[in-house]
Structure formats: C-alpha cells, structure tokens
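Understanding the architecture of this molecule
These are the residues of each chain, in order.
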Amino acid sequence: MNRPVIGISTYQEPARWGVWDTPAVLLPAVYPRLVRAAGGLAVMLPPDDTADAAREAVAALDGVVVAGGADVEPARYGEVPDPRTGPPARERDAWETALIEAAIAQHVPLLGICRGMQLLNVALGGTLHQHLDGHTGGPGVFGEHPVVPVAGTAYAAAVAEPDVVPTYHHQAVDRLGSGLTASAHAPDGTVEAVELTGHDSLVLGVQWHPEMGHDTRVMTALVDAARHRAASREGTPAP
C-alpha cells in the first residue's frame, strides 16, 4: 500500500534568495521530516482564500497537520488583544480554520500542533489564555517539561506514560471548544492535548512541538489513522 498522504499547512512570509526578494510559502523542514519518519508522505498546503479550496484540498488527502506559528487573533474568540499577544495573521487564521473545518466535516484525521491545537479549539468555539509564563526556554529557545496523559483518551493510547516534551508557547487553551476533551496536562495544569470525542476519525491537538524532538508517536497516531482511512476508501484492509 502507498504511504498515506499528509497535508501540512504553510504560510506566506517575505523571503530572499539570489537576486529575488519576493513572498514565499514557508514551512520548517522538521514538519515533513517528522511525517516521513512516521511513515507518511508529506505535501505542503499553500494558503488559499476560500473555504471551497480547503474542502477540495482536504478531499485529496489522507490526513492533515496544522502547523505551529503565530498567535491566533483574539477577535476570533471574542476578546481584545493582550499587549503581549503577537500581531494578527488573519489570512493564515482563515485558511487554517477552513482546513480544520473541512477535515472534521470530511472525517479526515487531523493533528494540530501548538498554534494548530489552539486554532482547533477556537474553531470549535473555545477560548485561549493570551499569556502564560514558563513554557519556553527563553526567546528563540525551546524549553521542555513533562506532560501527563489522561487515561482512556486517544492521546493516552499513543503515549501511555508521562513524557518530557519540547515546548515553546505563551498562549494556551482556556475554555474548551464544543466536543473537545483535554487529554494531557502539564504539571501547572495547562491543557497540553485536546481531542474531539464522539467522532469517527482522529482529531487531536498537542500544545508542544513533536517535530522538534525524536519521539514519533504522536505523528504515528495520525499516520496510522490516515492509513486506515485510505484503506477504507480503497476497500482494502489496512496493514
């Protein structure tokens, strides 16, 4: 069976190479590297401006990853920006929200990483803490801390024991979105993983950055779910 195709969200930034200075669609290489290490085939999802485009893109995929990055705009969950909240990335918020909604509607397995988990929560009606301390190693430096799985969750099925994870964020889930449950916590009580309950495909968000470590289990859970979905669409048994 071919490797399941996993689409990863990207974003537009100014870039320069050679004599060219022009916007580019970017994604840190560690994301596709982790997908490959977990047994998937990674493809990049360049931003588009319509929900129809998101639905078409997701329909061609076996799984979706929403990558980490900029703060979610507080207006999306009905709050005014804290002074420590970063500048809005409205086009990215809109595109990745459309990807999340399309993946859930089409029952395509979904993994949100850091910002991706926060946007998943907001897309389902939840809110965020706009600032907390202690979840980075300093500006531009990843920190680490343990996360403890909640027994009986899909995350706990993938990672059964407390694990030390690479972390870099200053925002986190406050009120959970509709249908989401917390499936891991940090020692300070921060929600570190969420998942959609009562859904027949994996919808998982993790607050840390698995792409910055060596543990592939979270991404393997997504790739395995994508492989089973691909097999069911083709009418063949999954390995």
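Residues numbered from 1 in each chain as written. Predicted model: local features only at pLDDT ≥ 70, side-chain atom pairs only at ≥ 80, totals over all residues. Heavy atoms only, no water.

**A short note on the pairing of strand β1 (residues 5–9)**
Of all the five residues making up β1, four are buried; the element is thus mostly covered by neighbouring parts of the structure. Across five bridges, the pairing between β1 and strand β4 (residues 41–45) is parallel. Note that in β4 the partner of G7 across the bridge is V43. The pairing of β1 with strand β5 (residues 63–66) spans three bridges and is classified as parallel. (Buried < 20%, exposed > 50% of the residue type's maximum accessible area, 1.4 Å probe, protein only. Helix = DSSP H or I, 4+ residues; strand = E, 2+ residues; numbered from the N terminus. Pairing = 2+ DSSP bridges.)

**Quick notes on the packing of aromatic side chains**
Applying the stated criterion across every chain, the model contains two aromatic pairs. Pairing F142 with Y168 gives two aromatic rings, centres 5.6 Å apart and planes at 50°, and the pair type is tilted. Remark: Y168 occurs in the loop between β9 (163–167) and β10 (172–173) and F142 occurs in the loop between β7 (128–129) and β8 (143–149); sequence separation between them is 26 residues. Residue class for F142 comes out partly exposed when judged on its relative accessible area of 35%. (Phe/Tyr/Trp six-rings, centres within 6.5 Å; stacked < 30°, edge-to-face > 60°.)

**Focus: the layout of surface pockets**
Taken as a whole, the largest pocket spans an internal volume of roughly 400 Å³. Taken together, 21 residues line the largest pocket, and the ones lying closest to its centre are Y11, Q12, A89, E91 and R92. Mapped by element, the contributors of at least two residues to the lining of the largest pocket are β2 (11–17) and α3 (90–106). The element best represented in the lining of the largest pocket is α3, accounting for six residues. Computed from the structure, the second largest pocket encloses a volume of approximately 280 Å³. Lining the second largest pocket we find 20 residues, and of these G68, G69, C114, Y168 and H209 sit closest to its centre. (1 Å grid on protein atoms, 1.4 Å probe; cavity = no way out; pocket = protein on both sides within 12 Å on 5 of 7 lines; lining within 4 Å. Points joined across faces, edges and corners; volume = space filled by probe spheres on them.)

**Some thoughts on the side chain of H170**
Here H170 shows up in the loop between β9 and β10. There is a polar contact of 2.9 Å between the side chain of H170 and the side chain of D71. Apart from residues lying up to four places away in sequence, H170 is in contact with D71, R84, T85, H129, Q130, H131 and L132. (Polar contact = N/O pair within 3.5 Å; in protein donor to acceptor, adjacent residues only side chain to side chain. Contact = heavy atoms within 4.5 Å.)

**Some thoughts on the sheet that holds β9**
An order of β4-β1-β5-β6-β13-β12-β11-β8-β9 is seen for the nine strands of this open sheet, with the pairing classed as mixed. The open sheet terminates on both sides in strands that have one partner only, identified here as β4 and β9. Between one strand axis and the next, the sheet turns by 30° as a mean value, whatever way the strands run. Contacting β1, β4 and β6 (110–113), helix α1 (residues 30–37) crosses the sheet at an angle of about 160° to β1. (Axes fitted to C-alpha atoms, helices over the stretch in contact; angles between N-to-C directions.)

**Considerations on the pattern of salt bridges**
Applying the stated rule across the entire model yields 12 salt bridges. Taking the shortest distance from any N to any O, the salt bridge between D93 and R115 comes out at 2.8 Å. Of this pair, D93 sits in helix α3 while R115 sits in helix α4 (residues 115–123), placing them 22 residues apart in sequence. Of the two residues examined, D93 and R115, each falls in the buried class. When the shortest N-O distance is used, the salt bridge between R115 and E96 registers 2.9 Å. Residue R115 is found in helix α4, and its partner E96 is found in helix α3; the two are separated by 19 residues along the sequence. With respect to burial, R115 and E96 carry one shared label: buried. One salt-bridge network, held together by shared partners, links R76, R92, D93, E96 and R115. (Salt bridge = Lys/Arg side-chain N within 4 Å of Asp/Glu carboxyl O.)

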